[in-house]
Amino acid sequence: MFGAFRPTNVLSGGLLWKIPWRLSKFQKARQRKRLRAVDSVVAVVDRALQKQGITTKAVEWWKGEMPVEQEMVPKDKYTIFDRKEKKYRKSIRKLPKWTRVSQRVNPPGY
């Protein structure tokens, strides 16, 4: 037990890949850049459709429901609502495919 062949921490249990609950400043910058890129794509598509006199339900819904990056508070940029968590919030890194899924709107009051 205390000799040369004692178990290591990984062998005795626990997560092998530990994910920090806090984003680094570089990850936050990339997340803000992603949000701004999505906002610019929606703006370009909307302008192109307006030039042709066409409107789509999806673009109008996005502009009406989803806030742009500048309107979002940091809590909504970097955390998501989760009803199973202790304080109902968890880091956006815990969300699978968090770089590709939009999580801009959360339930009121959370």
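Residues numbered from 1 in each chain as written. Predicted model: local features only at pLDDT ≥ 70, side-chain atom pairs only at ≥ 80, totals over all residues. Heavy atoms only, no water.

Peer 1: For this particular structure, what's the right way to read the nonpolar core?
Peer 2: Most often, soluble globular proteins keep nonpolar side chains buried together rather than apart. Listed in full, the 6 residues of the largest apolar core are Leu23, Tyr78, Ile80, Ile92, Leu95 and Trp98. Sequence-distant contacts of Ile92, defined by excluding residues within four places in its chain, comprise Leu23, Gln31, Lys77, Tyr78, Thr79, Ile80 and Trp98. (Core = buried A, V, L, I, M, F, W, Y, C linked by side-chain atoms within 4.5 Å. Buried < 20%, exposed > 50% of the residue type's maximum accessible area, 1.4 Å probe, protein only. Contact = heavy atoms within 4.5 Å.)

Peer 1: Is there a simple way to think about unusual backbone geometry in this case?
Peer 2: Glycine aside, the phi torsion of most residues is negative, and most peptide linkages are trans. We note that Tyr88 has phi near 65 degrees; this positive angle belongs to a residue other than glycine. In this fold, Tyr88 is placed in the loop between strand E1 (79–81) and strand E2 (89–91). The class for Tyr88 is partly exposed, based on a relative accessible area of 35%. A positive phi is found at Lys97, a non-glycine position, where the angle reads about 60 degrees. When you line up the elements, Lys97 lands in the segment after E2. (Helix = DSSP H or I, 4+ residues; strand = E, 2+ residues; numbered from the N terminus.)

Peer 1: Please explain the pattern of salt bridges as it appears in this structure.
Peer 2: Close approach of charged atoms allows side chains with opposite charge to pair. Within this structure, the stated rule accounts for 8 salt bridges. Its salt-bridge partner being Glu69, residue Arg36 comes within 3.6 Å of it at the nearest N-O pair. Of the two residues, Arg36 is situated in helix H1 (residues 25–51) and Glu69 in the loop between helix H2 (57–65) and helix H3 (74–78); the sequence distance between them amounts to 33 residues. For Arg36, a relative accessible area of 38% puts it in the partly exposed group. For Glu69, a relative accessible area of 5% gives the class buried. Where salt bridges share partners, they join Arg36, Glu69 and Lys77 into one cluster. (Salt bridge = Lys/Arg side-chain N within 4 Å of Asp/Glu carboxyl O.)

Peer 1: Just checking my understanding: could you explain the environment of Leu23 for this structure?
Peer 2: Within the secondary structure, Leu23 sits in the segment before H1. Residues Leu23 and Arg93, spaced 70 residues apart in sequence, show a C-alpha to C-alpha distance of 7.8 Å. Contact partners of Leu23, with chain neighbours within four places excluded, come to Lys28, Tyr78, Ser91, Ile92, Arg93 and Trp98.

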